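Below are the chains, spelled out letter by letter.
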Amino acid sequence: MSAQVSKIFPHDKQIKSITAMLTCYGYDGFAMFQDIVIKPIYDDSTTTSLSIRKDRKKCVSSCPKYYKQEDVTLPFDTEKVISSSDTSDTISSNLTLVTHLSIDRMEALQAIADVWTGIMAVTIYVPVQDAKNRNVTQTVLQSSRRKLQEALKKINLRCQCDVIAVYAKNETDEYPTNHMRNIGIKEVKTDYMVILDADFVPCPEFEKRFFQTMKKVKRKDPKIAFVVPVFEGSKEVTASNLPKTKLELKKMARDENPAIYPFAYYSSPLSHHLTNYTKWYTTWKPYKIKKYEDGYEPYFVLSTKDKNMPLFDTRFSGYGFNKIQHTIELMHSGYSLQVLPNVWATHVYHRISSFKKKFLNGPITRLENRIKRYEYVAEIMRKYHIGPCAAE
């Protein structure tokens, strides 16, 4: 089957980027498109037909000039609701856990707090309450604050915590994933931070294990991103019965009917396969990932001593590419990857969120995300002189 789509541009203009999204309607399964060709065509006013331009450089820019992405203005109110400086008992710690969640996932925060006794930077998203259930005498912000205060009363935070609230202003606002991460990162005062989503529970004594491993790392380069292996469990695996040691984890993962297995092993195998779980099961030393491959999106322990460390790109909200983009930029800005052999985190099963449902069921939302991906990759190529931009 063949198809042709023509889009004619004025002959005196240059094309900076092209986004082509191909879909196959009415077919349930995988489809592969081959022999996709993009040819520059211009409207020649001297003839009655369209002509293919042979002087490609005149109509297609191989490497448009890099323009630094401006910070995206996001429609949210932000407020620190708990400050670590208000805690009377100062914790001796040099690793901060950075996490984020929506207010309807507070049980996930409690699961983390039950095992993490160090320092945390937590960002909580408070969506606009359904207008039908909101007291009409309260503003949206007042209602959201009251809702968060009630939720925090039910959480026992044993750690030294900074908790920042991000309040939505409209019912249609999308969960600002990377904005949430950046807010937490900016609160970190320790030399290291581990960045996890709130549905991942770190292993017991994570910080102690991490610094034991650091004694084996010869080169204390702030541009080493330490990979935290992540796992997921069946519905029977809850926050209360997670493995407490690596040996226990290996046993559960290598059972004939494993209760725990590498995260996204079946749903998205490229997301974490470079971690090399087969090697991880048998080693007690950190090991390098020698070659980055597209689609890899691990969770990291990062040093805060690199003051130029790229933050997360706030264009990416909700689902799709929000973590991959950060890994891509870390790699191209000079970071290397090492896998930590004696720490891990486990994803605890939960019902699919309303934000993910919206993403999966919204073709326009997914298309917009795809366009942002291409724009971002093009910007990275220009910024770091990659591919056709290498000679610039």
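Above this text you will find the structure in question.
### Brief notes about the overall build of the chain
And then number 1: Of the regular secondary structure elements, the chain holds ten helices and 15 strands.
And then number 2: Buried residues in the chain amount to 47% of all 392 residues.
And then number 3: Look at the contacts in the chain between residues 6 or more apart in sequence, and 79% of them connect residues 24 or more apart.
And then number 4: Accessible area for the chain stands at about 22,900 Å²; split by element, carbon and sulfur atoms hold 51% of it.

### Topic: the sheet that holds strand β15 (residues 345-347)
And then number 1: Overall, mixed pairing links the four strands, which are arranged β8-β15-β10-β11 in an open sheet. With one partner strand each, in any of the chains shown, β8 (200-202) and β11 (260-262) form the two edges of the open sheet. Strand-to-strand, the axes of this sheet are offset by a mean angle of 35 degrees, without reference to chain direction.
And then number 2: Looking at chain direction, strand β10 (residues 230-233) and β15 are connected through three bridges and run parallel. Residue pairing in the sheet places V230 in a bridge with A345 of β15.

### Re helix α6 (residues 246-253)
And then number 1: Taken residue by residue, α6 has K246, L249, K250, M252 and A253 as its buried positions. For α6, the angular spread of buried residues about the axis comes to 165 degrees, placing them on one side. Exposed and oriented more than 90 degrees from the buried face of α6 are L247 and K251.
And then number 2: For α6, the secondary structure elements touched by its buried residues are β10, β11 and α7 (277-282).

### Things to note about unusual backbone geometry
And then number 1: Its identity as a non-glycine residue notwithstanding, F321 has a phi of 75 degrees, on the positive side.
And then number 2: Of note, F321 is situated in the loop between β13 (299-303) and α8 (324-332).
And then number 3: Its identity is not glycine, yet H385 carries a phi of approximately 55 degrees, on the positive side.
And then number 4: By the secondary structure assignment, H385 is in the segment after α10 (363-383).

Quick notes on the rules
Residues numbered from 1 in each chain as written. Predicted model: local features only at pLDDT ≥ 70, side-chain atom pairs only at ≥ 80, totals over all residues. Heavy atoms only, no water. Helix = DSSP H or I, 4+ residues; strand = E, 2+ residues; numbered from the N terminus. Buried < 20%, exposed > 50% of the residue type's maximum accessible area, 1.4 Å probe, protein only. Contact = heavy atoms within 4.5 Å. Areas by Shrake-Rupley, 256 points an atom, 1.4 Å probe, with all protein chains shown as cover. Pairing = 2+ DSSP bridges. Axes fitted to C-alpha atoms, helices over the stretch in contact; angles between N-to-C directions. Arc of directions from axis to C-beta.

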